[in-house]
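Next come the chains, spelled out residue by residue.
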Amino acid sequence: MPEPKPFERLPGTVRPTHYSITLQPNLVKCIFQGCEEVSLDIKEATREIKFNTLELTLRDISLKLSDGEVVKPASTDMSPSTETATLTFERPLPAGPATLCMSFSGELNDKMKGMYRSKYTAENGEERYSAVTQFEATDARRCFPCWDEPALKATFDITLVVPHDRVPLSNMPEISRETHESDSNLIVVKFARTPLMSTYLVAVVVGEYDYVEDTSSDGIRVRVYTPVGKQEQGRFALEVATKVLPYYKEYFNIAYPLPKMDLIAIADFSVGAMENWGLVTYRETCLLVDPHNTSASQRQWIALVVGHELAHQWFGNLVTMEWWTHLWLNEGYATFVEFLCVDHLFPEYDIWTQFVTNTYVRALELDCLKNSHPIEVPVGHPSEVDEIFDDISYSKGASVIRMLHCYLGDKDFRVGMNKYLTRHQYANTYTEDLWAALSEASSKPVAEVMSTWTKQTGFPMITVKSHQDGNNRVLTLTQQRFLADGSTDDSSQWMVPVSISTQQNPSKVAQEVLLERRSVQVVLEGVSEATWVKLNPGTVGYYRTQYPPEMLTQLIPAIQDKCLPPLDRLGVFNDLFSMVQAGHTSTVEVLKVLRAFEDEHDFTVWSAVHNCVARLNQLLSHTDFHPAFAAFVRHLFSRIGQKLGWEAKPGEKHLDTLLRSLVLGQLGLYGDEQVVAEARKRLAAHVAHTTTLPADLRSPVYKTVVAQADEKTYEQMLKLYREADLHEEKDRISRSLGATRDPNLIQRVLQFAMSSEVRNQDTIFVIISVAMTAPGRSAAWAFFKTHHQELVDRYEGGYLVTRLIKYITENFASEDMAREVETFFRERQIPGTERTVQQSLETIRLNAAWLNRDQQAIKKYLTDLQL
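None of the values given here were measured: they were computed from a predicted structure. (Residues numbered from 1 in each chain as written. Predicted model: local features only at pLDDT ≥ 70, side-chain atom pairs only at ≥ 80, totals over all residues. Heavy atoms only, no water.)

Enquirer: A description of the overall build of the protein should follow, citing residues and the corresponding values.
Expert: Scanning the protein from N- to C-terminus turns up 25 helices and 29 strands. Rg of the C-alpha trace for the protein: 28 Å, near the compact-globule value of 29 Å for 867 residues, within the 12% margin. Each principal axis of the C-alpha distribution contributes one length, and for the protein these read about 90 × 65 × 55 Å. Out of the 867 residues belonging to the protein, those deemed buried represent 62%. Within the protein, contacts between residues separated by at least 24 positions form 71% of all contacts whose residues are at least 6 apart in sequence. For the protein, the accessible surface area stands at approximately 32600 Å², while carbon and sulfur atoms represent 49% of it. Looking at charge distribution, the protein has the averaged site of its 88 positive side-chain charges lying 3 Å from that of its 112 negative ones. (Helix = DSSP H or I, 4+ residues; strand = E, 2+ residues; numbered from the N terminus. Rg over C-alpha atoms; globule rule 2.2 N^0.38 Å. Buried < 20%, exposed > 50% of the residue type's maximum accessible area, 1.4 Å probe, protein only. Contact = heavy atoms within 4.5 Å. Areas by Shrake-Rupley, 256 points an atom, 1.4 Å probe, with all protein chains shown as cover. Lys, Arg positive; Asp, Glu negative; His and termini not counted. Charge placed at Lys NZ, Arg CZ, Asp CG, Glu CD.)

Printed below as a string of structure tokens:
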């Protein structure tokens, strides 16, 4: 890894206590101007005042001292590289209160950070812009000069000067509105004073919106703002939000501290959503539900995102991490709690089972790389912050909190959470503060256990050995770090809460032990040699299990006859697959075990199977026997495909709807002739407006047909894209275009991704969809090499570029490609992507080793099967 950039936090000599800010965006010229008065507390005499500012022009700077004297700085030093301004005064400023006044102006940029412009089409067909803010992590300084660090909390009075026919919103409710004294087309809108809060949570939106409104049972006014004419699409999110607020109030035993909660759909938005206090902003696809066109999986996703952002109102906003090093406290915790809350509201989603395939497994896959990072990363320069908004902060963070929740029990966990939030409200915390509160509540060594999970990279593999002692089964459990390349590393050790289940009662924990040393023996009384024993029931512990062959053999029939609960079926399989990737076991063993799932009916288990099949597909697409693998997958999914069919059954479960979409998508992708023919037929009827495709089947149908598409079909898909009014539908279509295997169409999709028809926030996902096929992989990489500068300029670094680099490089599987990628990024340093590039290079080399190791054995097994 390159040396981190030198970085210094702002000096502690001057601290803000209150900001009074007026902002006036010009939605036609796409510029804004503002002025502010900042109440300061000068801690000790100083000649300098240093604060953050970036891409702003500052004017009329003056400082009013406590005795009423007004002084102007002798010099103002603007430093774009450190994103600061330093005011130097002729004589030292005395300690005590003072007020800093200044005017400033800037551009409503198109980078989706700071105060930016978001394009929409008005009802009369005219293209217009709204002004929106996105400040996390360090972009409040692009909107107004400020002390832009999470620990420098202050109160805010926001005033907006806006056209009279636009909707102005901020964190707090509006308290007054007057016509502008010199321009009757403008109104001056004042908002109530905020509580003490961090700069990154301040928010402003000015645009044209409709809304739906309700009041939660605990008396909070909740609104969901939508594009004009689409307020009914806000109804589902409104129902979720009004139920979530009272749930959290009860769970944390602390009332939501603001008088209102607004959720708003933004047309151009770089992330999924942002938890600004009292004004949460969302991508349209993360908030809006159209009953006829929104799929069940998207509806579930929206419930999770709303749950996540509202959890932040307490965990992040009321109590905030002291510095970005502790970001995981915000994100890992909110990711865990969103599942608690959705499970409470929608038990039919079986969301904790899905947590394992979507969140837990994803974290383990990244965290077994040598280039992973600890949950807590020392962060300095702002460009380093973007890179840790990743699967470690969110998914590993949530997974270890789930493990802790299980270890402590819900009652003690809740008591500890309440202590933590009450003790630190309106203030800032370190990770250790959370451990202290949970230890007090539970009398368990939380800090000792958890610091092994947050301060070290990676996780353990627990190797099991078993022997019989009379009627008792004796297990020896040994831990070592699990690494993707199969190498050993004995330098790390974890404190692992281990639980064990047995055949006598598969869904009950038979024994628990805290593995504190390298190795421990566990005696299971009355458990015979002939029955199975399993570690990690419920797949809660954040570790991999390596069983000896005889124990694994005993577990396979329990997968087939479904004696093992779903989470344990997928846990056994997932652990085995990780052993294969690391070279501890042959891939052929996984192919054999996959056949035990042919009669499986659980959606989450099939999700785990699909994840594994997708990895093998990427790997084997580099070989000449890929058709034999495709036949294997068609056979694997055929029974469940026939059972589910194309039509939804009356009153079927939510998870069966998700499963049908998954299974038909797989059968289509691997070329099942009946599914391909039916998909074509159904798409033709959909395009002709004779029979509308149900939203849940659109993605699999679009991808299946596009995979075999000619120019005519491609044009049909573009026509559907242009006619779609719902952003979710545009996403579904644009992300299915990458499924084409036609070299000319691949180039057209890549050009389309960069065109003005695709919003900047969506461009990278279209390019990524191309990189998911064998012919598209090299085309997308070549395209990136040609257009990388344009892409970096478009997003100014940040999260989207990092995502793009990961997905277009990590599926190569040769040393030659690893060297090519390495050389390319060595010669072109893109700030904030260094860690991602290292992870991709490691993954490419792991793929190459895996292919070399197992290619011949896989070929022989698949060829001999003759499916």
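Once you've had a look at it, read on.
Enquirer: If you had to explain the pattern of salt bridges to someone new, which residues and values would you point to?
Expert: Tallied over the full model, the rule gives 60 salt bridges. For Asp 410, the salt bridge is made with Arg 414, and the minimal N-O distance between the two is 3.8 Å. Note that Asp 410 and Arg 414 are positioned in helix H7 (residues 410–423) at a spacing of 4 residues, about one turn of the helix. You can call Asp 410 partly exposed: its relative accessible area is 30%. Taking relative accessible area as the criterion, Arg 414 reaches 27% and is therefore assigned partly exposed. A salt bridge links Asp 864 to Lys 860; its shortest N-O distance comes to 2.8 Å. Of the two residues, Asp 864 and Lys 860 are both situated in helix H25 (residues 834–865); the distance of 4 residues between them amounts to about one turn of the helix. (Salt bridge = Lys/Arg side-chain N within 4 Å of Asp/Glu carboxyl O.)

Enquirer: Pulling in residues and values, what's your account of helix H4 (residues 351–367)?
Expert: The terminal C-alpha atoms of H4, which comprises 17 residues, lie 23 Å apart, in line with the 24 Å expected from a rise of 1.5 Å per residue. At Tyr 360, H4 is deflected by roughly 30°, the largest bend along its length. Burial analysis of H4 places 14 of its 17 residues in the buried class, which makes it a mostly covered element. (Expected span 1.5 Å × (residues − 1). Bend = angle between axes of the 7 residues up to and from the residue.)

Enquirer: Provide a residue-level description of the sheet that holds strand S18 (residues 260–266), including the pertinent values.
Expert: The strands making up a sheet associate through backbone hydrogen bonding, with each pair oriented either parallel or antiparallel. Strand order across the open sheet formed by 5 strands is S16-S17-S18-S20-S19, with mixed pairing between neighbours. For this open sheet the edge positions go to strand S16 (209–215) and strand S19 (273–274), each flanked by a neighbour on one side alone. Here S19 pairs with strand S20 (residues 279–283) via 2 bridges, running antiparallel. Across the sheet, Ala 273 pairs through a bridge with Tyr 282, a residue of S20. (Pairing = 2+ DSSP bridges.)

Enquirer: Explain empty space enclosed by the protein to me, and be specific about the residues and the numbers.
Expert: The final tally for this structure, using the stated rule, is 3 cavities of 30 Å³ or more. The space that makes up the largest cavity amounts to roughly 60 Å³. Taken together, Tyr 360, Lys 534, Leu 535, Asn 536, Thr 539, Tyr 543, Arg 544, Gly 571, Val 572, Asn 574 and Asp 575 form the lining of the largest cavity. Of all the elements in the fold, those that place two or more residues in the lining of the largest cavity are strand S28 (533–535) and helix H11 (566–581). Element by element, the count of residues in the lining of the largest cavity is highest for H11, at 4 residues. A per-class count over the lining of the largest cavity returns 4 nonpolar, 4 polar and 3 charged. (1 Å grid on protein atoms, 1.4 Å probe; cavity = no way out; pocket = protein on both sides within 12 Å on 5 of 7 lines; lining within 4 Å. Points joined across faces, edges and corners; volume = space filled by probe spheres on them. Nonpolar A, V, L, I, M, F, W, Y, C, P; charged D, E, K, R; others polar.)

Enquirer: Please give an account of the pairing of strand S8 (residues 96–107) that cites residues and values.
Expert: When strand S2 (residues 31–42) meets S8, the two strands line up antiparallel, connected through 12 bridges. For Glu 36, the partnering residue across the bridge sits in S8 and is Met 102. With 7 bridges joining them, strand S4 (residues 57–65) and S8 adopt antiparallel strand pairing. Following the sheet pairing, Ser 62 is matched in S8 by Cys 101.

Enquirer: Could you give an account of the layout of surface pockets, naming the residues involved and the relevant values?
Expert: Each pocket or cavity is described by its volume, and for the second largest pocket that value is around 1100 Å³. Put simply, the parts of the chain that give the lining of the second largest pocket at least two residues each are strand S9 (114–121), strand S10 (127–134), S18, helix H18 (711–723), helix H19 (727–736) and helix H21 (760–771). Looking at the lining of the second largest pocket, the element that brings in the most residues is S9, giving 5 residues. Partitioned by chemical class, the residues of the lining of the second largest pocket number 15 nonpolar, 7 polar and 17 charged.

Enquirer: Describe unusual backbone geometry, with residues and values.
Expert: Leaving glycine aside, a negative phi is the common case for residues, and trans is the common case for peptide bonds. In this structure, Ala 137 follows Glu 136 across a cis peptide bond, with omega equal to 5°. You can see Ala 137 is positioned in the loop between S10 and strand S11 (155–163). Unusually for a residue other than glycine, Cys 30 sits at a positive phi of about 60°. By secondary structure assignment, the location of Cys 30 is in the loop between strand S1 (14–26) and S2. Backbone geometry at Glu 55 places phi at a positive 60°, although glycine is not the residue there. Within the fold, Glu 55 resides in the loop between strand S3 (46–52) and S4.

Enquirer: Quick rundown of the packing of helix H3 (residues 327–345) against helix H6 (residues 392–408)? Include the residues and the values.
Expert: The description of two helices packed together rests on the angle between their axes and the distance between the axes. Two numbers describe how H3 lies on H6: the axes approach to 7 Å, and their chain directions differ by 65°. One finds that H3 runs roughly perpendicular with respect to H6. As H3 packs across H6, the resulting crossing turns out to be right-handed. Counted together, Leu 327, Trp 328, Glu 331, Gly 332, Tyr 333, Thr 335 and Phe 336 of H3 and Ser 393, Tyr 394, Gly 397, Ala 398, Val 400, Ile 401, Arg 402 and His 405 of H6 form the full contact between these two elements. Looking at the contact of H3 with H6 residue by residue, the class counts come to 8 nonpolar, 5 polar and 2 charged. (Axes fitted to C-alpha atoms, helices over the stretch in contact; angles between N-to-C directions. Parallel < 35°, antiparallel > 145°, perpendicular 65-115°, else oblique. Left-handed = near helix turned anticlockwise from the far one by under 90°.)

Enquirer: Now, about helix H20 (residues 743–754): what can you tell me, with residues and values included?
Expert: Structural remark: α-helix, 3.6 residues per turn; residues separated by three or four positions point the same way. An ideal rise of 1.5 Å per residue puts 16 Å on 12 residues; H20 measures up with 17 Å between its terminal C-alpha atoms. Taken as a whole, H20 has its buried residues at Leu 745, Ile 746, Val 749, Leu 750, Phe 752, Ala 753 and Met 754. In this fold, the buried residues of H20 make contact with H18, H19, H21 and helix H22 (774–795). Where H20 begins, the capping side chain belongs to Asp 742, and its oxygen is found 2.8 Å from the backbone nitrogen of Asn 744. (Polar contact = N/O pair within 3.5 Å; in protein donor to acceptor, adjacent residues only side chain to side chain.)

Enquirer: Outline the state of the cysteines, listing residues and values.
Expert: Under the counting rule described, the total for this entry stands at 0 disulfides. In this structure Cys 146 is not part of a disulfide, and its nearest cysteine sulfur, from Cys 143, lies 8.5 Å away. Residue class for Cys 146 comes out buried when judged on its relative accessible area of 0%. The closest cysteine sulfur to the non-disulfide-bonded Cys 341 is located on Cys 286, 15 Å from its own sulfur. (Disulfide = S-S within 2.5 Å.)

Enquirer: Describe the environment of Gln 761, naming the residues involved and giving the relevant values.
Expert: Assignment of secondary structure puts Gln 761 in helix H21. Given a relative accessible area of 1%, Gln 761 falls into the buried group. For the pair Gln 761 and Lys 111, spaced 650 residues apart in sequence, the C-alpha to C-alpha distance is 9.4 Å. A polar contact of 2.5 Å, which involves the side chain of Gln 761, links it to the backbone nitrogen of Phe 269.

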